[in-house]
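Summary of the model geometry
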Amino acid sequence: RLIIFVVAAAGIIITGLFAFYYVLVATRPLVALSLQMRHITESNLKLRVKVGKGNVKSNEIVQIATNFNNMLDRLEKAFQLQKNFVHHASHELRTPLATMLSQTESALRTDLNPADYKKVLESLKEDQQGLIDLTNSLLSLSQFEKIATSGEWPEIRIDELLYETMEASRKLFPGID
């Protein structure tokens, strides 16, 4: 009995050691992949994880690394598009504001007659309307992106849309009827 107990215990210990070693060797690529992923942040999206050797179709680690790198490519592109959008939107907002400021400063520095003040105010009103239109466009774009990502399109009334379009056309082209 003692021999059977010792052989069984030794077999269990050896099997446990082999299993521990096998698990350690089998998970080493996952641990290495995890360590590489931890070093990638929003400030260094250019980094990529190393794709190991093997067939993409049969090696899951290679699949995960490849998919992660592809996801990083998409994220980097999205961040770049967002940066470009913010840059262009800021420029589009800054130009009319600078024009309005210069018109106001010029009008304040000079002594104008009421007709000239009215011209300056009309010009400022046009610039303000342009800013409102730009802001509305940005809001519409934001709403469109929200709808496009959610997949739910709101119900609209065609007659209201036509009336709004006709009103906007009348504002843009006063002589239209």
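Everything below is about the structure shown above.
Everything quoted here is computed from the prediction, not taken from an experiment. Along each chain, residues carry numbers from 1 onward, in the same order as the chain's sequence is written. Local features in this predicted model are restricted to residues of pLDDT 70 or higher, and side-chain atom pairs are both shown and tallied only at a pLDDT of 80 or more, whereas totals for entire chains, interfaces and linings draw on every residue. Processing note: side-chain calculations cover all non-hydrogen atoms of the structure and skip hydrogens and water entirely.

Re the overall build of the protein chain
Summing up its helical and strand segments, the protein chain has 4 helices and 0 strands in all. Secondary structure elements in the protein chain, listed N-terminal to C-terminal, are α-α-α-α. Just to be clear, the radius of gyration here is over C-alpha atoms, and the globule rule we use is 2.2 Å times residues to the power 0.38. Its C-alpha atoms give the protein chain a radius of gyration of 33 Å, more than 25% over the compact-globule value 16 Å for 177 residues. A principal-axis box enclosing the C-alpha atoms of the protein chain has dimensions of 115 × 45 × 30 Å. For the protein chain, the proportion of its 177 residues judged to be buried stands at 10%. In this analysis, two residues are considered to be in contact whenever any of their non-hydrogen atoms come within 4.5 Å of each other. Counting contacts in the protein chain only where the partners sit at least 6 residues apart, residues at least 24 apart contribute 46% of the total. Using the Shrake-Rupley algorithm and a 1.4 Å probe, accessible areas are obtained, with residue cover drawn only from the displayed protein chains. Surface summary for the protein chain: the accessible area is close to 15100 Å², and the carbon and sulfur share equals 64%. The helix count covers DSSP runs of H or I at least four residues long, the strand count covers runs of E at least two residues long, and both are numbered beginning at the N terminus. Only protein chains enter the accessibility calculation, which uses a 1.4 Å probe. A residue is then buried if its area is under 20% of the maximum for its type, exposed if over 50%, and partly exposed in between.

Points about the packing of helix 1 (residues 2-38) against helix 2 (residues 60-109)
The angle between the axes and the distance between the axes are what describe a pair of packed helices. Working convention: axes come from line fits to C-alpha atoms, limited for helices to the stretch in contact. Angles between N-to-C directions cover 0 to 180 degrees. Relative orientation of the contacting elements helix 1 and helix 2 amounts to 10°, with a least axis distance of 10 Å. As the angle between them shows, helix 1 and helix 2 are arranged roughly parallel. Residues Pro 29, Leu 30, Leu 33 and Met 37 of helix 1 lie in contact with helix 2, whose contacting residues are Ile 61, Ile 64, Ala 65 and Phe 68. Three classes are used, and their members are as follows: Ala, Val, Leu, Ile, Met, Phe, Trp, Tyr, Cys and Pro are nonpolar, Asp, Glu, Lys and Arg are charged, and the others, Gly among them, are polar. Broken down by class, the residue content of the contact of helix 1 with helix 2 amounts to 8 nonpolar, no polar and no charged. Here the angle decides the label: under 35 degrees means roughly parallel, over 145 means roughly antiparallel, 65 to 115 means roughly perpendicular, and every other value means oblique.

Observations regarding the side chain of Asp 127
With respect to the secondary-structure elements, Asp 127 resides in helix 3 (residues 114-150). Within the buried core, Asp 127 has no salt-bridge partner, and the shortest N-O distance to an opposite charge, that of Lys 125, equals 13 Å. Apart from the residues lying within four places of it in its own chain, the contact partners of Asp 127 are Thr 99, Met 100 and Gln 103. Residues scored as positive are Lys and Arg, those scored as negative are Asp and Glu, and His as well as the terminal groups of each chain are ignored. For this document, the term salt bridge refers to a Lys or Arg side-chain nitrogen within 4 Å of an Asp or Glu carboxyl oxygen.

Focus: helix 1
Helix span is expected to be 1.5 Å times the residue number reduced by one. Over its 37 residues, helix 1 runs 51 Å from end to end, which matches the ideal 54 Å to within 8%, given 1.5 Å per residue. In this scheme, the bend at a residue equals the angle between the axes fitted to the seven residues that finish there and the seven that begin there. Largest kink in helix 1: about 40°, centred on Thr 27, with the proline Pro 29 one to four residues after it.

Some words on the pattern of salt bridges
For the structure on display, the rule yields 6 salt bridges. Across the pair Lys 46 and Glu 76 runs a salt bridge whose closest N-O atoms are separated by 2.6 Å. Of the two residues, Lys 46 sits in the loop between helix 1 and helix 2 while Glu 76 sits in helix 2, which places them 30 residues apart along the sequence. For Lys 46, a relative accessible area of 67% gives the class exposed.

Some thoughts on a nonpolar patch on the surface
Taken together, the side chains of Ile 156, Ile 158, Leu 161, Leu 162, Tyr 163 and Met 166 present a nonpolar region at the surface, about 640 Å² in accessible area. For Ile 158, the location among the structural elements is in helix 4 (residues 158-172). Of the residues examined, Ile 158 reaches a relative accessible area of 54% and is grouped as exposed. Patch definition: residues with relative accessible area over 30% and no salt bridge; like charges joined within 9 Å; nonpolar side chains (Val, Leu, Ile, Met, Phe, Trp, Tyr) joined within 5 Å.

Don't take any of this as a statement about function, it's just geometry.
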